[in-house]
Every structure is written in C-alpha cells, then in structure tokens.
Amino acid sequence: MRSTRLTALRESGRRIGTVTLGAAAVLGLLTAPAQASSWSSYLSGVGPGYESRRWYDTGGATTIKFTGCSGGSGAEVRLRKDTFGPDPAYATALFTNCFASSTSTSTGNWSDHGSGDYYFAVNEAAVNLKLWVKSLTVSY
C-alpha cells in the first residue's frame, strides 16, 4: 500500500512539473521582447556631417537620445543605413530640448527599416557649427 502511494505521488509530481514547464515555455513565447540592444557615448566638438559609429540592427524601431547639448540651439539628427550604394536616409529629427540644460534630453524615434548596418549623421546641411553632447544613447 505504501509503495502504491509513493508511486502515485511521484507520478503526480511529474505531471505538475511537466505542466509547469509547459506553462513557462508558453509564457516565454508570449512575453514581449525587450529592447534588443543599445550603446552609449558622447560627442565633443563634432562638425557638420559627422557620422556616428555603425551598429548592426536585426530589425525593429530605433531611438536616439541626446542629453546636455551645446554649441548652438538645435541639431539635426538623421538615421542612415550603411549600404554598398548611396546610403538611404530616413527622417530627420530636430533636437532642440537638449540645449535647455545639461540634464535636458531630446529624443528621435525611427520605425523599422529592416536589418542592416546603421549610423546617424548630425547637421548634414550646417556650416561651421560644432556640437557637444554630454551623453547619447542609441537603442535598437
């Protein structure tokens, strides 16, 4: 009798474990993915047409944040895709709020443009403008 009870308890424990693992797997599949990746840096006296470092994006939205800007009253930030031909240029975001104080932030958001190598360019059309950014973050 004791052996039968022990066997029944073991079988019940296996079922519970299987159901729990299955539920965890389903929840993992249904959970929204976190932001894939990001990097941070700063800019120091960059001139017109400055190009950031390249990063590889597997697809998804891109967000660029500048905090604590100086050297003018606004910065044009354009997301670009690094290709073998002319690099496609996406919408330009005008960053002005980050010039208000050393802790003020400006943010630009771009929709998914597929996987590939990306970079941003600053003030492509400006003349003799130098830009400093205390902190920048690119999330993709």
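Thresholds applied
Residues numbered from 1 in each chain as written. Predicted model: local features only at pLDDT ≥ 70, side-chain atom pairs only at ≥ 80, totals over all residues. Heavy atoms only, no water. Phe/Tyr/Trp six-rings, centres within 6.5 Å; stacked < 30°, edge-to-face > 60°. Helix = DSSP H or I, 4+ residues; strand = E, 2+ residues; numbered from the N terminus. Lys NZ or Arg CZ within 6 Å of the ring centre and 35° of its normal. Disulfide = S-S within 2.5 Å. Buried < 20%, exposed > 50% of the residue type's maximum accessible area, 1.4 Å probe, protein only. Core = buried A, V, L, I, M, F, W, Y, C linked by side-chain atoms within 4.5 Å. Pairing = 2+ DSSP bridges. Axes fitted to C-alpha atoms, helices over the stretch in contact; angles between N-to-C directions.

Caption draft 1: Region of the structure containing the packing of aromatic side chains. In total, this model carries five aromatic pairs according to the counting rule given. Ring geometry for Trp39 and Phe120: centres 6.5 Å apart, planes at 10 degrees, overall stacked. Placement of the pair is Trp39 in strand S1 (residues 38–46) and Phe120 in strand S8 (residues 116–122), with a sequence separation of 81 residues. Each member of the aromatic cluster is reached from another via a ring pair, and the members are Trp39, Trp55, Phe66, Phe95, Phe120 and Tyr140. The ring of Tyr119 has Arg54 lying over it, and the distance from NZ or CZ to the ring centre is 3.7 Å.

Caption draft 2: Layout of the state of the cysteines. Taken as a whole and judged by the stated rule, the model has one disulfide. Between the sulfur atoms of Cys69 and its disulfide partner Cys98 the distance amounts to 2.1 Å. One quick way to see it: the torsion about the S-S bond of Cys69 and Cys98 is about -100 degrees, and its sign makes the bridge left-handed. Residue Cys69 is found in strand S4 (residues 62–70), and its partner Cys98 is found in the loop between strand S6 (89–95) and strand S7 (105–110); the two are separated by 29 residues along the sequence. A relative accessible area of 7% means that Cys69 is categorised as buried. In this structure Cys98 comes out as buried when scored by relative accessible area, which is 0%.

Caption draft 3: Just the nonpolar core, in detail. Counting 24 residues, the largest nonpolar core has Phe66, Phe120 and Leu131 as its most contacted members. Elements represented by at least two residues in this core include exactly S1, S4, strand S5 (75–82), S6, S8 and strand S9 (131–139). When residues of this core are assigned to their parent elements, the largest contribution, four residues, is made by S9.

Caption draft 4: The sheet that holds S9, seen in detail. Judged by pairing direction, the sheet is antiparallel, and its four strands sit side by side in the order S1-S9-S4-S7 without closing on themselves. The outermost strands of the open sheet, each flanked by one partner alone, are S1 and S7. Sheet twist, expressed as the average angle between the axes of neighbouring strands with direction ignored, equals 20 degrees. Pairing geometry for S1 and S9, over six bridges, is antiparallel. Directly across from Val46, in S9, lies its bridge partner Leu131.

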